[in-house]
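Spelled out, the chains give:
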Amino acid sequence: MNVIRVIPSGYCKGVVNAIELVKKTRSEYPLEKIYILGMIVHNSFVTRELENLGVITLDDSIKSKEEWIDEIDDGIIIFTAHGISDSIKNKALNKGLFCVDATCEDVLKTKDLIKDYLNKGYEVIYLGKNNHPEANAVISISKNIHLITKIEDVNDLNIKNEKLILTNQTTMSSLELKEIIDEVKKKYPSVLVKNDICQATSSRQKAIMDLKDAHLLYIVGDIKSNNTNMLKEIGIKSGIDKVELISDYTMIKDEDLTVDTVYVSAGASTPPKLINEVIDYLRNK
Ligand code: SF4
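What you see is a predicted model; the values in this text were computed from it and never measured.

### Brief notes about the overall build of the protein
Argument step 1. Regarding its fold elements, the protein presents 11 helices and 12 strands.
Argument step 2. For the protein, the C-alpha radius of gyration of 20 Å lies close to 19 Å, the compact-globule estimate for 285 residues.
Argument step 3. For the protein, the spread of C-alpha atoms along the three principal axes comes to 55 × 55 × 25 Å.
Argument step 4. For the protein, the proportion of its 285 residues judged to be buried stands at 41%.
Argument step 5. For the protein, the proportion of contacts with a sequence separation of at least 24, taken over those separated by at least 6, is 72%.

If you want it as structure tokens, here you go:
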């Protein structure tokens, strides 16, 4: 069986920078309590690795980010690669907490773009994932940002402002975005469109769309990772017979390995170790 790694796949620059920033903070402040407000990137292996360095990830599915900040009185607080709302950041700063911001520069670019257009009197249609930290941080900017999560939501929009812009979370599916752009244009023909899928996401998706006659594709990554889930969605929409999202090699089912060639891709937050283990496992079959 041939095992082919899809290129590019795996870590993006935003993820590398965020993890490095946590490690640098740990080494510069070896005795301080360090908390991350949510998962630094959406991969539980990374979370565990950082916990081994004594860096605590605050689970934002248990308490809201505001509630966590209420509870922390000292130490260092790190904001994740997905970004943070200005109000939460200010709350931490006003409490006197030492803050480290690991927001990816591509996420910041989208926020700046949106703020710029809001200042010019525009309203914003924003395609994002419900309850994702990146989307939450963006929609907290203004009530003039209208979150849509799927094509059906376009029907429910009721915006009177003629100055209208459509943009998106950085890790959405390019195929879905294209369909949504067409749908929004039917309803609001003068809408300004700014595709803000980041380069890392779009190049990983394109590499999967370019697979010809693939029958089996593994996407290595965490179920919480939006860009990882989108790779799976792109694989399915591209007509690949079987697309499996696996967090590590132990999830591979040997009965699926009946093909001549298997392809392996991975989300932007998946550590190289996990990808290599999957490839080694398959090559030894
Ligand atoms: S996937 Fe894109 S936006 Fe997200 S961390 Fe990577 S480069 Fe940044």
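### Some thoughts on the pairing of strand E5 (residues 98-101)
Argument step 1. In the sheet, strand E4 (residues 76-79) pairs with E5 via 4 bridges, with the strands oriented parallel. Residue pairing for E5: Ile-78 is matched across the bridge by Val-100.

### Quick word on the nonpolar core
Argument step 1. Among the nonpolar cores identified, the biggest contains 71 residues, and Ala-18, Val-22, Ile-40 and Ile-78 are the most heavily contacted of them.
Argument step 2. Per element, the largest residue contribution to this core is 5 residues, and it comes from strand E10 (residues 216-220).
Argument step 3. In this view, Ile-40 contacts Ala-18, Ile-19, Val-22, Val-46, Leu-50, Ile-78, Thr-80, Ala-81 and Ala-102; residues no more than four positions away in its chain are not counted.

### Comments concerning helix H2 (residues 44-51)
Think of an α-helix as turning once every 3.6 residues; residues three or four places apart then point the same way.
Argument step 1. All of the buried residues in H2 are Val-46, Thr-47 and Leu-50. Buried residues in H2, looked at end-on, bunch into an arc of 100°, giving them a common side. Summarising the geometry of H2, the exposed residues directed more than 90 degrees from the buried face are Arg-48 and Glu-51.

### Here's the deal with the site of the ligand
Argument step 1. The immediate surroundings of the ligand are formed by 15 residues, with Cys-12, Gly-14, Cys-104, Thr-170 and Cys-198 found nearest.
Argument step 2. Those elements giving two or more residues to the shell around the ligand turn out to be helix H1 (13-28), helix H5 (105-119) and helix H9 (199-209).
Argument step 3. It is H1 that provides the largest number of residues to the shell around the ligand, a total of 3 residues.
Argument step 4. Across the shell around the ligand, the residue classes break down as 8 nonpolar, 5 polar and 2 charged.

### A look at the sheet that holds E10
Argument step 1. Ordered in space as E1-E12-E10-E11, the 4 strands form an open sheet in which the pairing is parallel. In this open sheet, the two edge strands, each paired with only one partner strand, are strand E1 (2-5) and strand E11 (242-246). For this sheet, the mean angle separating the axes of adjacent strands, direction not counted, is 20°.

### Quick word on the domain arrangement of the protein
Often the size quoted for an interface is simply the accessible area lost on bringing the parts together.
Argument step 1. One can read the domain layout of the protein as domain 1 (2-11 + 204-283), domain 2 (13-104) and domain 3 (106-197).
Argument step 2. Taken over C-alpha atoms, the centre of domain 2 sits 27 Å from the centre of domain 3.
Argument step 3. Every contact between the two is made by 10 residues of domain 2 and, on the other side, 9 residues of domain 3.
Argument step 4. Class assignment of the residues belonging to the side of domain 2 that touches domain 3 gives a composition of 2 nonpolar, 8 polar and no charged.

### Some thoughts on helix H10 (residues 226-237)
Argument step 1. Look at H10: 16 Å from first C-alpha to last across 12 residues, which is about the 16 Å you get at 1.5 Å a residue.
Argument step 2. Buried residues dominate H10, accounting for 9 of its 12 residues.
Argument step 3. Residues of H10 that are buried: Asn-226, Asn-227, Thr-228, Asn-229, Met-230, Leu-231, Lys-232, Ile-234 and Gly-235.
Argument step 4. Here the buried face of H10 lies against helix H8 (174-187), H9, E10, E11 and strand E12 (261-266).
Argument step 5. Count one or two residues on from H10 and you reach Gly-239, which has phi positive near 95°.

### Some points on the packing of H9 against H10
Argument step 1. Contact pair H9 / H10: the axes reach a minimum separation of 9 Å and the direction vectors enclose 25°. Put simply, H9 runs roughly parallel to H10. The two elements H9 and H10 meet at a crossing, and its hand is right-handed. The residues of H10 that touch H9, namely those facing Thr-201, Arg-204, Gln-205, Ile-208 and Met-209, are Asn-227, Met-230, Leu-231, Ile-234 and Gly-235.

Conventions and cut-offs
- Residues numbered from 1 in each chain as written.
- Predicted model: local features only at pLDDT ≥ 70, side-chain atom pairs only at ≥ 80, totals over all residues.
- Helix = DSSP H or I, 4+ residues; strand = E, 2+ residues; numbered from the N terminus.
- Rg over C-alpha atoms; globule rule 2.2 N^0.38 Å.
- Buried ≥ 20, exposed ≤ 12 C-beta atoms within 10 Å, placed from the backbone.
- Contact = placed C-beta atoms within 7 Å.
- Pairing = 2+ DSSP bridges.
- Core = buried A, V, L, I, M, F, W, Y, C linked by C-beta atoms within 7 Å.
- Arc of directions from axis to C-beta.
- Near = placed C-beta within 6 Å.
- Nonpolar A, V, L, I, M, F, W, Y, C, P; charged D, E, K, R; others polar.
- Axes fitted to C-alpha atoms, helices over the stretch in contact; angles between N-to-C directions.
- Domains from an automatic or database assignment.
- Expected span 1.5 Å × (residues − 1).
- Parallel < 35°, antiparallel > 145°, perpendicular 65-115°, else oblique.
- Left-handed = near helix turned anticlockwise from the far one by under 90°.

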